[in-house]
Amino acid sequence: MADHPELSAQERAGKAFPVSWDQFHRDCRALTWRLNSAGPFHAIIAITRGGLVPAAIVARELGVRVIDTVCIASYEHNKRGELQVLKGLSADALKLGGGDGKGLLIIDDLVDTGKTARIVRDMLPKAHFATVYAKPMGRPLVDTYITEVSQDTWIFFPWDLGLSFQPPMREGAG
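Note that this is a predicted model, so its numbers are computed, not measured.

Colleague: I keep staring at the overall build of the chain and nothing clicks. Help me out?
Modeller: When its secondary structure is counted, the chain shows five helices and eight strands. Moving toward the C terminus, one meets the helices and strands of the chain in the order α-β-α-β-α-β-β-α-β-α-β-β-β. Pairs at least 24 apart in sequence give 61% of the contacts found in the chain among residues at least 6 apart. Element-wise, carbon and sulfur atoms account for 53% of the exposed surface of the chain, whose accessible area totals about 10,300 Å².

Colleague: Any chance you could explain the pattern of salt bridges here in plain terms?
Modeller: Side chains bearing opposite charge may pair, as long as their charged atoms lie close to each other. Under the definition given, this model contains eight salt bridges. Where Lys 135 meets Asp 112, a salt bridge forms, and the shortest distance between an N and an O atom there is 3.4 Å. Of this pair, Lys 135 sits in the loop between strand E6 (128-134) and strand E7 (144-148) while Asp 112 sits in the loop between strand E5 (104-111) and helix H5 (115-123), placing them 23 residues apart in sequence. Of the residues examined, Lys 135 reaches a relative accessible area of 3% and is grouped as buried. A relative accessible area of 11% means that Asp 112 is categorised as buried. Beyond isolated ion pairs, a larger network of salt bridges with shared partners links Arg 29, Arg 60 and Glu 61.

Colleague: Which parts of the structure should I look at to understand the environment of Gly 97?
Modeller: One can find Gly 97 in the loop between helix H4 (91-96) and E5. Accessibility expressed as a relative area gives 1% for Gly 97, which makes it buried. A C-alpha to C-alpha distance of 8.1 Å links Gly 97 and Ala 43, two positions 54 residues apart in sequence. Beyond its immediate sequence surroundings of up to four residues, Gly 97 is in contact with Lys 102 and Leu 104.

Colleague: How should the packing of helix H2 (residues 21-35) against helix H3 (residues 52-62) be read in this particular structure?
Modeller: Helix packing geometry: the angle between the two helix axes and the distance between the axes. Contact geometry for H2 and H3: axes closest at 9 Å, N-to-C directions at 50°. The pairing of H2 with H3 is recorded here as oblique in orientation. Seen from above, H2 lies across H3 with right-handed handedness. Where H2 approaches H3, its residues Trp 21, Phe 24, His 25, Cys 28, Arg 29, Leu 31, Thr 32 and Leu 35 are matched on the opposing element by Val 53, Pro 54, Ile 57, Val 58, Glu 61 and Leu 62.

Colleague: Would you take a moment to explain the packing of aromatic side chains for this structure?
Modeller: Taken as a whole, this structure holds seven aromatic pairs when the rule is applied. Where Phe 24 meets Tyr 133, the ring centres are 6.2 Å apart and the plane angle is 40°; that geometry is what we call tilted. With Phe 24 in helix H2 and Tyr 133 in strand E6, this residue pair connects regions lying 109 residues apart in the sequence. In this structure Phe 24 comes out as buried when scored by relative accessible area, which is 1%.

Colleague: For this particular structure, what's the right way to read H5?
Modeller: Since the α-helix packs 3.6 residues into each turn, any two residues three or four apart lie on the same face. Of all the residues in H5, the buried ones are Thr 116, Ala 117, Val 120 and Arg 121. For H5, the angular spread of the buried residues around the axis is 130°, confining them to a single face.

Cut-off values and rules
- Residues numbered from 1 in each chain as written.
- Predicted model: local features only at pLDDT ≥ 70, side-chain atom pairs only at ≥ 80, totals over all residues.
- Heavy atoms only, no water.
- Helix = DSSP H or I, 4+ residues; strand = E, 2+ residues; numbered from the N terminus.
- Contact = heavy atoms within 4.5 Å.
- Areas by Shrake-Rupley, 256 points an atom, 1.4 Å probe, with all protein chains shown as cover.
- Salt bridge = Lys/Arg side-chain N within 4 Å of Asp/Glu carboxyl O.
- Buried < 20%, exposed > 50% of the residue type's maximum accessible area, 1.4 Å probe, protein only.
- Axes fitted to C-alpha atoms, helices over the stretch in contact; angles between N-to-C directions.
- Parallel < 35°, antiparallel > 145°, perpendicular 65-115°, else oblique.
- Left-handed = near helix turned anticlockwise from the far one by under 90°.
- Phe/Tyr/Trp six-rings, centres within 6.5 Å; stacked < 30°, edge-to-face > 60°.
- Arc of directions from axis to C-beta.

Structure follows, in structure tokens:
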């Protein structure tokens, strides 16, 4: 697809991948299963906002009590914009990671183009980076993920969804 700035990222994506709370929880537990042998981790760094929910689930399952956040804004609703670091790492988290991230676990819901991941990787080059979902452009930047989706897929996370009627995919199939 040609890059059309007047279209939202969602509109350019074309394919929809809705994820329920149950599925997201199962995927986060599967991620934890893979991460269990990669640790131990001194702390989890959640990339907000999408990384908050998976970070809480992974922290519970791995018994990690220290959670910090890196706050980066990359979307305004469904339009991709310039990246802004709104909050960096705390001094305590940096200290736990020896200044380069060793022993820290970075968690996000999705790696898409990799722009956000690159910023955080630069902050913590030796941290283990994990996402629940990965797209091809960003996948090389993460160490662990569960599900790969195509670059032209828009993931609808459970916190973005409400309960409503969904029409059949094929018109007239209802």
